[in-house]
Every structure is written in structure tokens, then in C-alpha cells.
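# What the coordinates show
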Amino acid sequence: MHLIIAEKNIAANRIAHIMSGKEKVSAKKEGGVNVYSFGDRTSIGLRGHVVEVDFVEGYTNWRSQERPPRSLIDAGTVKRPTEPAIVKLIQKIAKKANRVTIATDYDTEGELIGKEAYELVRAVNSKVPVDRARFSAITAEEITRAFSETAEIDFDLAAAGEARQVVDLIWGASLTRFISLAAKRGGVNILSVGRVQSPTLAMIVDREREIDSFIPEPYWEISLTTEKDGQQIVARHAEGRFTEKKAAEAAYKGTKEPLVITEVKEGKRADRAPTPFDTTQFIVAAARIGYSAANAMRVAEELYMNGFISYPRTDNTIYPPSLNLESILKTLEKTKFAPDVEWVRKNKRAKPTEGKKSSTDHPPIHPTGVATEAELGENWKLYELVVRRFLATLSPDAEWATMRIAMDATGQNYIATGSRLTTPGWRTVYPYSDAKDSILPVVKKGEKLKILDLNLEEKQTQPPPRYSQSKLIQVMEELGLGTKSTRHEVIQKLISRKYIEGNPLRPTLVGKAVTESLEAHASTITRPDMTQKLEQAMEAIKIRDKSRDGVIDDSRKMLHQVFDELEPNEAVIGQEIMDQTDEELTLGPCPVCGNDLRIRRKGGSQFIGCNGYPDCTFNISLPGTMWGSAVRTKNVCEIHKLFHVSLIAKGSRPWEMGCPLCQLIEQQKEHYAKMPSMTEQMQQTLLDCKIFSLYEVSRMEPEVFAKKTGINKKLADKLIQEANEVLNFIRKRSECKKFMKQYVPPKRGRSHTKVMNGFSDSGINFIEDVALASVDTLKKTGLSDEEAETLKTEAIALVAKNQLKDIGVSTVSLKRYQESGFLTPEDILLAHPAYLSLKAGISIDTVTKHVSLIAEALGRPEPEKISKKALEAGKNELTGLHGVGDTTLENLYKAGIYDKKTLAAADAAKAAMLSGLSKDHVKKLQAASGI
């Protein structure tokens, strides 16, 4: 009996069906494990590693005095089953086998998994022949070839994998245990440290430091606008950036007509087709269409296992000669990409594009099977990406026509550049890269143009960007951190450990604290050098330049040196981490109950809350994290004994908020000023009673409020009512600002707050006010004609939408009405129900119901009701007349004509005006109606 062992169940299933040919595959379960049998062959799938490396007994107690974290470095290791049912079944079948073929993935990890299966087999059957099938895709062609050309297991490749397992175990376990115990963290709050994850985290922390310490430098840019034959030309000063304001202002003032063309240079630019996908470039491309690194690899693995793409873990960017490119094109002819394949055949480049990396284990990622969008669902997007990238590598380069126009404006030189895609080439089949034309008009040397507009803009230098997942993987590859198979997993581990967050990635307080402490006391852990050295050593195992045991021993020596630095500073390290992750968030005593106030975050919001919650609900809101992360500073408020707070935002100087309670009290004074019955004396009374905000006033019961402040109940009622009115005003004004921000981008000298203040000066505070305001009034706040028009139109639509919702029109119907141009209740009421039904695609019964509700709400007469049956009968009557098609029917509905009777009774002149049909046409239809 021939036993085939695959890496996963899905692979075992596919291999069985491919190799069985026309034989029937019998699928059954033994001990919960799927077994596929055909003829005298049996195929079983593992679940990746079914055994794991662990320490020998006696090392599970983290707080053991006899075996501290350092003892793990030299602890013995054993292999333990992680999937006992699979292990048991493999050994049961292996006893009867006369041949065993290992068919795991062909890379370091896959070879190690294969070796583990080999050892399970050998433990129960020492003489059975064991061979190895290697393939890059789970397709009929590849699997048939692999099983006809089996080889031996590559024990050196597997040894490299084993070395990595042991090295990662001893480094991760010993350091994680040491740091967690030092910082008094346990359970789910342990502080993970790893050979690859720690230098990767350090890169993210380093980048955050660069951003935090970055001080923007001002610079100035000058641009002018001119035109030729009605076509606009935007040119920039040849100096580029001015670092001195005086020089920029001098150039700005010196820019005067005539604007003379001094040079016109035309050229061509080749746009190289992209190279084949290796793992890293695949992850980068997947990120551009919305996939995280881990998700991209998860989907790629599924596509590979199902035979749709080749093995997705590869360093190769050059198609090997053995890869039949023509056969792949023939496969793709059976998919929706057939037209693209035809185009590629007609325009195929002489030789596929090539990257700089070549390896012999697997070819670049490419399509291997036929798939449909319906079959793959969401996974289709990545399948299509792989298909289109493959086609692009066989396609010709694109070409651009370029133009550069040099201009002189009284001694000041300006440059305008343009480009036009003349030959789309590979872009025809690969639409993931922008290709926007920037066309300049034809001009001649010596020609003079007018300066229509001249701009001097002050800008600031920007800090380096945070790492995206795909960019971080690229840098990890450059630095030799991790492997193509593990880099995305390292990032995911850092996220799950709450060391990093967001997209792009930023370190959390705990991630920063752990990194800074390690950098201070054992920087070897946070630098890539050590990991690079170990990775190179493990690569050397593959070619027998080093032994597995030798590399593991060397890594143990390195780790002992690290502990020589760590152990004397254990208490300091622990205190540093605890101080930064706890005390950094604590501001001081709550003014209500005396417990600690702490900075807290949830999603994009942050606030200061009391540790005495829920008994004490005192809190202070803070600006959202988009304005910067709130941090404690060294200054302390003399009045309230609270640490001051600062907001740290990317690319900006810190925003010093000062004492948060002082800020709250000052802010509330502005709100109290809007309350007619609120006096300064009353405000002081509220503070004396530890009532700090308008919100607290609004939530109090009149009797409790009166008793607490010593005022009468009548005044208490009045103050609570006024507080609610002011809060409602603030809420509606906040909604108006949020609405305005959607359509009015901030500009230098025109912030959203400045626009809102301008609105208030004109009596505009709510969205309803914007809808009623004139365009000229809106423009007074600094809005352009287009911005003012857009804002007013959108406000009218939103107010009407809310009004219609309140009346009882459902969200789905409301959307259809507005998409059909019926924005307001008035619009709907003025339109005839038959016309509304036709245009909005809503049944006449529903339209009639909505119109009745609107009429009632507006105090208008209820329009006539038309039944579905009557409307359908009328439609048949009208379309039965000569010359009445869909367009004419719509026009008649617009005039309130929905059957022969209403057609005959209509005033021809009025019907013509409402419908847009000619008066004669209406009369002809009336005559044809026969009524």
C-alpha cells in the first residue's frame, strides 16, 4: 500500500483526485481525520506541524527559583505531538505501507514538516521506502510530474528549519519570561520578546521617535497659471523650494509679464512592464487593493491549495526555462481573461520581464488553474491580481510622450511639464497603476503668454511616514529579518500582542516601553545584526557549511551574553516598563472623589476618566486621536495638582493643553454664557459643589440639584432646562461643522474653525441655517462659488432627507427618490404619483402612501389615489396608442396623464407645458384615445 502524506487536508484531497485518474476516490474519516483512498493508495493531510519542539519536563514554572529564565537557554528540548489523532493514524497506516511519499510544500518549513512525518513513519516501520514529491502548484501537470520524478528528503534543508525552531524557542521563551517577570506581567498580559519581532518592533519605535522629534522647516513654492488656446498651463518656479522667505517674496514680486517661452523640449519615456511576483512584491501589490499582509498570504495559500495559483512563498522573480508560459496562456483562455490573453499574444514581448532575484525552489507566483468570480467570491480579487501581473510580465513596455516648457517672466524662470501615454503596453492588462495624462498645449519658443494667476505658498517639510505593513515587509527583507514565510506572521504577532496598532503602523505605549528598556540595557536584542547573523548561519546549514547543532550552540552563547547585560538591571528594567505603561497615563487626583484620573483611549477617541468608575463618573473629554495622542508632561497644575497634558501629532509641534481641569472650567464658562439665568456667582457655586460641566447640570434631578447648590427648585428647573437647550445647540452646531468639513477642505489661512466662526457671525449655526442661507452669505466666510453652491445644495438635501425620515418615508425609498431628483417633500408632493413611481422605481401603492403622509405633514390637500391595477391598465391603454413608447409615457405621467380618461380630460396647452410634448402631439393622442 502506498501512503501519501500532504501538508494539509485540502492538498491531500486534491492530490488524491488528480492521481486517481478515472478511479473513484473513497473519502472517509478515521478518528476525526480525513482519509482519501484510491486503488492501493491512501492520501492523508497533516495540519502543518503535528509535533512541536518544547522544553523537557521541569521548566513550566515561571517563578521557579531553581530554574530562572536564563536556565531555558541550555534546557534540553523534545518533540511533542500537537495533533495526536493525526500522528496515531499515520503510524497505524505506515505499519502496513510498502511505500511512503512525502508531499508537503517544498520550502524550509515544508521540508521540516516532511521530515517530522518521516520520523513518525520510521518509528513504526524502519524499512519502508520513503521518497519526496516536490511541486510548485497543485495542478494535474505538476503533481503527475512530481510523483514520477520523486527525490530524497533534503535533510539539510529540514535541519535549517529545525535550527530555527530551537533558536526561536530558546530566545523567545527565555527573554519573554525574563521581561514579563521583571515588569510583573502574567497571563494574557505577558510581554513577548523574540529574535525577529523585537528588532522589527524597534524599527517601528525608531520611526515614531523620528516623527515625534521632527521639527517642521518652512519653505516656499511659487507657481503661476497661464493659458494657450483656452488650455491651462501651470508652471512652477525653476528654483523649486525656497528656504528663505525674503528670496521667495523677491522672486514672487519679480515675476511680471511678459511671460516668454524660452524652450520647448519634447521627448519619450519608456515605462517598463513590471517583473514577476515574488512573495514580498505580491504582498506590496495586494496592500494597494486593500489587503493586510497576513490576509493576503492567507488568501494566496487558499488559492494555491485549490490549484489556482503557484506556491506563494518564493524569492524568485525570474521565470525558469522549465515553466511553460504558453501552457499558462492556454489555461487562461478558458477564463474571462480570454480577450486579455488574445491581446498579449498579438503584442507579446520577446522575453518576459525579469527581476533581480532568482532561486531554484519555486518559480515566481503565477496562475495555474481556471477560476470564476462566482467560484472564488472575495478571493477573486487576488486571483485576478496574479493573473494580470503574469500577463503584464509578457506584455510590451508602455511609452509616454513628454514635454517640458521653460518660461521667463522678467528674469524669473518657470517650468511646466506634461506627459501623455502614447503606447499603453502592459497597462492594457494591468490596471493597478495610475496612468494619468498631463497634456500641455502646443507652444513655440519666443511666444508670449499672459500670467493669469500667481501663487506664493508657504509649506512645511514633513516627517518620514510611518511604515505600512507592506513597506515594513520590504525593509525586513532588506535587513534579513525573518523569511518570506514568516515576515507577515511577525507583524501579526506584534499586533496581537498590542505592541503596534493602526494602519500605517505605530507603536503602543507598551511596545515603546519594552523596546526602550531593551535598547537601554541589551541593545543586541533590538538590532537586526544578531538576527541577520543567525539567519545567515541557518542558510549555511542548507549547503552543509554549518551544522544544526553548531548554529544552535552559537545562538546560546549569544543569548548568554544578552542575559549578562539584562540580569544586573532586572529591577530597573521592570520599573521602567511599569512606569511608562502605567504612570505615564496617570494625571493626579479626581476633583470629585480623590481617586486617580487616567488618560484612556477607545478607538479614535480619548478622554480622562476616574479610576473610581462606576462609583465616580467624572471625566474630561479630549480631542480625538486624529489631533494627536494625549500624553502626560512634567508640569503640574498648582491649583488642581494634575499633570498637564500635551497632544503629540505626526509632523506637528506638540499641542500643550495645560491642566485638563483648568481647560474644562474655562470651556464651560463659554457655555454658561449662553444660559440667561446663569451668573458668575452661580458658576462659582457649581465649582464649590464639585459640579464641573454643563453636561452634569443637564443630567441632574431638580430636587437633587436644588439641595446640593442651595437654590430653590424653580431656579434649578430653569437652569437644567437652559443647560439642555445649550447642549442641544452645541450638538447641532457640532453636526453642522462636521457636515461642512465634508465639502470644504481646509486651506492655509482658512481652517474649519475659522469658517464656522464666520458662519456664526452670519447667524448660521445649524445645517438648516446653511440650507436657508444665500450663496453670497456663505461666500463671506471664505468659500468659493463652487464650495458655497455645493454646501447649500447638500444641506438642502440632508435637511429634506431628515424631514422625510421623520414623516415616515423609509430609508430605501428615500434614497430612490433622491437619486431620481426628488430631494424635498415639496418635490415629491408637486410630482404626479404615476411619474414618481416610474422614475423612482417604487410601487404606486407605496408612493401613494408616502404622498399622503407628506401632504398631511405639510397641511396640504391629499392628492388623488391610484391603485396598482388602475395604473397598469392605464399604461396598457396609453402604450396601445400609436406613437406612445417609454419616453412619451414618462412625459405623459409627468403631466398627470396615466390612462385614456385623464388624457382626454387634459387641457392640451397645460399638458404640453408640463410634459414637454408639443401641443399638437397631445391633441393627436387625445384624438387617438377615442374618448
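A few points on the structure.

Conventions we followed
Residues numbered from 1 in each chain as written. Predicted model: local features only at pLDDT ≥ 70, side-chain atom pairs only at ≥ 80, totals over all residues. Heavy atoms only, no water. Helix = DSSP H or I, 4+ residues; strand = E, 2+ residues; numbered from the N terminus. Contact = heavy atoms within 4.5 Å. Areas by Shrake-Rupley, 256 points an atom, 1.4 Å probe, with all protein chains shown as cover. Lys, Arg positive; Asp, Glu negative; His and termini not counted. Charge placed at Lys NZ, Arg CZ, Asp CG, Glu CD. Pairing = 2+ DSSP bridges. Expected span 1.5 Å × (residues − 1). Buried < 20%, exposed > 50% of the residue type's maximum accessible area, 1.4 Å probe, protein only. Axes fitted to C-alpha atoms, helices over the stretch in contact; angles between N-to-C directions. Left-handed = near helix turned anticlockwise from the far one by under 90°. Nonpolar A, V, L, I, M, F, W, Y, C, P; charged D, E, K, R; others polar. Arc of directions from axis to C-beta. Patch = residues over 30% accessible without salt bridge, like charges linked within 9 Å, V, L, I, M, F, W, Y side chains within 5 Å. Salt bridge = Lys/Arg side-chain N within 4 Å of Asp/Glu carboxyl O. Core = buried A, V, L, I, M, F, W, Y, C linked by side-chain atoms within 4.5 Å. Polar contact = N/O pair within 3.5 Å; in protein donor to acceptor, adjacent residues only side chain to side chain.

Glancing now at the overall build of the protein. Summing up its helical and strand segments, the protein has 37 helices and 24 strands in all. Considering only C-alpha atoms, the protein reaches an extent of 100 × 85 × 75 Å along its principal axes. Taking the intrachain contacts of the protein between residues at least 6 apart in sequence as the baseline, contacts between residues at least 24 apart amount to 66%. Within the structure as shown, the protein displays about 46,000 Å² of accessible surface, and the carbon and sulfur contribution to it stands at 49%. One way to put it: in the protein the 133 positive side-chain charges average out to a point 2 Å from where the 124 negative ones average out.

Before going further, it helps to examine the sheet that holds strand E11 (residues 259-271). Across the sheet, 7 strands lie side by side as E14-E11-E12-E13-E10-E9-E15; this open sheet has antiparallel pairing. The sheet is open, and its two borders are formed by strand E14 (448-449) and strand E15 (453-460), each paired with just one other strand. Across 11 bridges, the pairing between strand E12 (residues 398-409) and strand E13 (residues 412-423) is antiparallel. Opposite Asp 408, over in E13, you have Asn 413 as the bridge partner.

One turn of an α-helix holds 3.6 residues; hence residues three or four places apart share an orientation. For helix H5 (residues 155-182), spanning 28 residues, the distance from its first C-alpha to its last is 40 Å, which sits close to the expected 40 Å at 1.5 Å a residue. Judged by how many residues are buried, H5 sits mostly within the fold: 24 of 28 residues are covered. Immediately downstream of H5, the backbone of Lys 184 shows phi near 55 degrees, a positive value.

Interaxial distance between helix H36 (residues 908-915) and helix H37 (residues 919-929) falls to 8 Å at its minimum, and their mutual angle equals 120 degrees. Two packed elements cross with a definite hand, and for H36 against H37 that hand is right-handed. The segment H36 lies against H37, with Ala 908, Ala 909, Ala 911 and Ala 912 engaging Lys 919, Val 922, Lys 923 and Gln 926. For the contact of H36 with H37, the per-class residue count stands at 5 nonpolar, 1 polar and 2 charged.

Here the focus is helix H4 (residues 140-148). All of the buried residues along H4 are Glu 142, Ile 143, Ala 146 and Phe 147. End-on view of H4: buried residues confined to an arc of 120 degrees, all on one side of the axis. Pointing more than 90 degrees away from the buried face of H4 are the exposed residues Glu 141, Thr 144 and Ser 148. In this structure, the buried side of H4 is in contact with strand E1 (2-6), helix H1 (9-19) and strand E7 (99-103).

Their axes nearest at 8 Å, the elements helix H10 (residues 325-332) and helix H11 (residues 338-347) cross at an angle of 145 degrees. In this structure, H10 contributes Glu 326, Leu 329, Lys 330 and Leu 332 to the contact, and H11 contributes Ala 338, Val 341 and Arg 345. When its residues are assigned to classes, the contact of H10 with H11 shows 4 nonpolar, no polar and 3 charged.

For the rest of this paragraph, the subject is unusual backbone geometry. The amide bond that connects Glu 257 to the next residue, Pro 258, takes the cis arrangement and shows omega of 5 degrees. Here Pro 258 shows up in the loop between helix H7 (245-254) and E11. For the bond from Tyr 613 to Pro 614, the omega torsion is 10 degrees, close enough to zero to count as cis. Following the sequence through the fold, Pro 614 ends up in the loop between strand E20 (605-610) and strand E21 (619-621). Residue Lys 641 is not a glycine yet carries a positive backbone phi of 60 degrees. The residue Lys 641 is located in the loop between strand E22 (629-636) and strand E23 (643-648) in this model. Under the relative-accessibility criterion, Lys 641 is labelled exposed at 52%. In this model, Lys 690 sits at a positive phi of 60 degrees, which is unusual for a non-glycine residue. On the basis of relative accessible area, Lys 690 is assigned to the partly exposed category, the value being 39%.

Glancing now at a nonpolar patch on the surface. Where nonpolar side chains cluster on the molecular surface, the patch consists of Met 626, Trp 627 and Trp 655 and spans about 410 Å² of accessible area. Tracing the chain through its elements places Trp 655 in strand E24 (residues 655-658). Under the relative-accessibility criterion, Trp 655 is labelled partly exposed at 44%.

The next thing to look at is the side chain of Ser 837. Structurally, the position occupied by Ser 837 is in helix H31 (residues 833-840). Note on Ser 837: relative accessible area 12%, which makes it buried.

The next subject is the nonpolar core. Among the nonpolar cores identified, the biggest contains 117 residues, and Trp 171, Phe 282 and Tyr 383 are the most heavily contacted of them. Looking at this core, the element that brings in the most residues is H5, giving 11 residues. Aside from chain neighbours lying at most four places away, what touches Phe 282 is Phe 277, Ala 296, Met 297, Ala 300, Ile 365, Leu 382, Leu 385 and Val 386.

If you trace the backbone, Gln 663 turns up in helix H20 (residues 660-672). It is 49 Å that separates the C-alpha atoms of Gln 663 and Lys 436, two residues lying 227 residues apart in sequence. At 2.9 Å, the side chain of Gln 663 forms a polar contact with the backbone oxygen of Met 657.

Further remarks concern the pattern of salt bridges. According to the stated counting rule, one finds 56 salt bridges in the structure shown. As a salt-bridge pair, Asp 271 and Arg 427 come within 2.8 Å of each other at their nearest N and O atoms. Of this pair, Asp 271 sits in strand E11 while Arg 427 sits in the loop between E13 and E14, placing them 156 residues apart in sequence. Each member of the pair Asp 271 and Arg 427 is classed as buried. Across the pair Lys 381 and Glu 378 runs a salt bridge whose closest N-O atoms are separated by 3.9 Å. Classification of Glu 378 as exposed rests on a relative accessible area of 59%. Taken together, the salt bridges that share partners define one network made up of Lys 79, Lys 115, Glu 119, Glu 162, Arg 548 and Asp 549.

What is shown is where atoms sit, not what they do.
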